[in-house]
Amino acid sequence: QVQLVESGGGLVQAGGSLRLSCAASGRTFSTYNMGWWRKAPGKEREFVAAITPTGSIAYYGDSVKGRFTFSRDNSRNTVYLQMNSLKPEDTAVYYCAADPPPYGSRWQESGYDSWGQGTQVTVSS
């Protein structure tokens, strides 16, 4: 399994921005699909975004489409989630996840082999 460490969470006012980072261990990072998920209190973990190994294609959940941007820098073994126009309903713990080959489903939690410890994002109204 790959080790993942998220950073960049915090408290922000509605309409503000944050950028999350996730640093991964391992020499084959460039072969991984990567994902971001989030879990709000009392809710199930929700798909936020996924990105292909080269970063050429990103997929987004409906609730964040048009506001969040998922990118990666394979030379740094790092992925980023730029979050703009934040809303109070974006408040959650955000988790980075890795899906090495053979690939699972990017839309399901079970499709990912490794998870970070999570970083808290709180959006105040």
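The preceding data block contains the structure.
Residues numbered from 1 in each chain as written. Predicted model: local features only at pLDDT ≥ 70, side-chain atom pairs only at ≥ 80, totals over all residues. Heavy atoms only, no water.

## Thoughts on the overall build of the protein
Scanning the protein from terminus to terminus reveals 0 helices and 11 strands. In the protein, the succession of helices and strands from N to C terminus is β-β-β-β-β-β-β-β-β-β-β. Viewed in the frame of its principal axes, the protein has a C-alpha envelope of about 40 × 30 × 25 Å. Considering only contacts in the protein between residues 6 or more positions apart, those separated by 24 or more positions represent 58%. When the accessible area of the protein is evaluated, it comes to approximately 6,300 Å², of which 48% is carbon and sulfur surface. (Helix = DSSP H or I, 4+ residues; strand = E, 2+ residues; numbered from the N terminus. Contact = heavy atoms within 4.5 Å. Areas by Shrake-Rupley, 256 points an atom, 1.4 Å probe, with all protein chains shown as cover.)

## Thoughts on the packing of aromatic side chains
In total, this model carries 8 aromatic pairs according to the counting rule given. Chaining the aromatic ring pairs together yields one cluster made of Trp37, Phe47, Tyr59, Trp107, Tyr112 and Trp115. The ring of Tyr95 carries Arg45 above its face, with NZ or CZ at 4.8 Å from the centroid. (Phe/Tyr/Trp six-rings, centres within 6.5 Å; stacked < 30°, edge-to-face > 60°. Lys NZ or Arg CZ within 6 Å of the ring centre and 35° of its normal.)

## A closer look at the state of the cysteines
As used in these notes, a disulfide is a covalent bond between sulfur atoms, one from each of two cysteines. Using the criterion set out here, one finds 1 disulfide in the structure. Disulfide partner of Cys22: Cys96, at an S-S distance of 2.1 Å. Across the disulfide from Cys22 to Cys96, rotation about the S-S bond amounts to roughly -80°, and the bridge is consequently left-handed. Placement of Cys22 in strand S3 (residues 18-24) and of Cys96 in strand S9 (residues 92-99) is noted, with a sequence separation of 74 residues between them. (Disulfide = S-S within 2.5 Å.)

## Some words on the pattern of salt bridges
Under the counting rule described, the total for this entry stands at 6 salt bridges. In this structure, Asp90 and Arg67 form a salt bridge, with 2.7 Å as the shortest nitrogen-oxygen distance. On the criterion of sequence distance, the pair formed by Asp90 in the loop between strand S8 (78-83) and S9 and Arg67 in the loop between strand S6 (58-60) and strand S7 (68-73) is long-range, its members being 23 residues apart. Residue classification places Asp90 among the buried positions, given a relative accessible area of 0%. Residue classification places Arg67 among the buried positions, given a relative accessible area of 11%. Ionic pairing is found between Asp73 and Arg76, a salt bridge with its closest N-O pair at 3.3 Å. Judged by relative accessible area, which is 59%, Arg76 ranks as exposed. Here the residues in one salt-bridge network are Arg38, Glu46, Arg67 and Asp90, joined through shared partners. (Salt bridge = Lys/Arg side-chain N within 4 Å of Asp/Glu carboxyl O. Buried < 20%, exposed > 50% of the residue type's maximum accessible area, 1.4 Å probe, protein only.)

## What to know about the sheet that holds strand S1 (residues 4-7)
Taken together, 4 strands build an open sheet; the order of strands is S1-S3-S8-S7 and the sheet is antiparallel. Edge positions in the sheet fall to S1 and S7, since each has one partner strand and no second. Shown here is a sheet whose adjacent strand axes are inclined to one another by a mean of 15°, direction ignored. Summarising the sheet, S1 and S3 pair through 4 bridges and their orientation is antiparallel. Residue pairing for S3: Ser7 is matched across the bridge by Ser21. (Pairing = 2+ DSSP bridges. Axes fitted to C-alpha atoms, helices over the stretch in contact; angles between N-to-C directions.)

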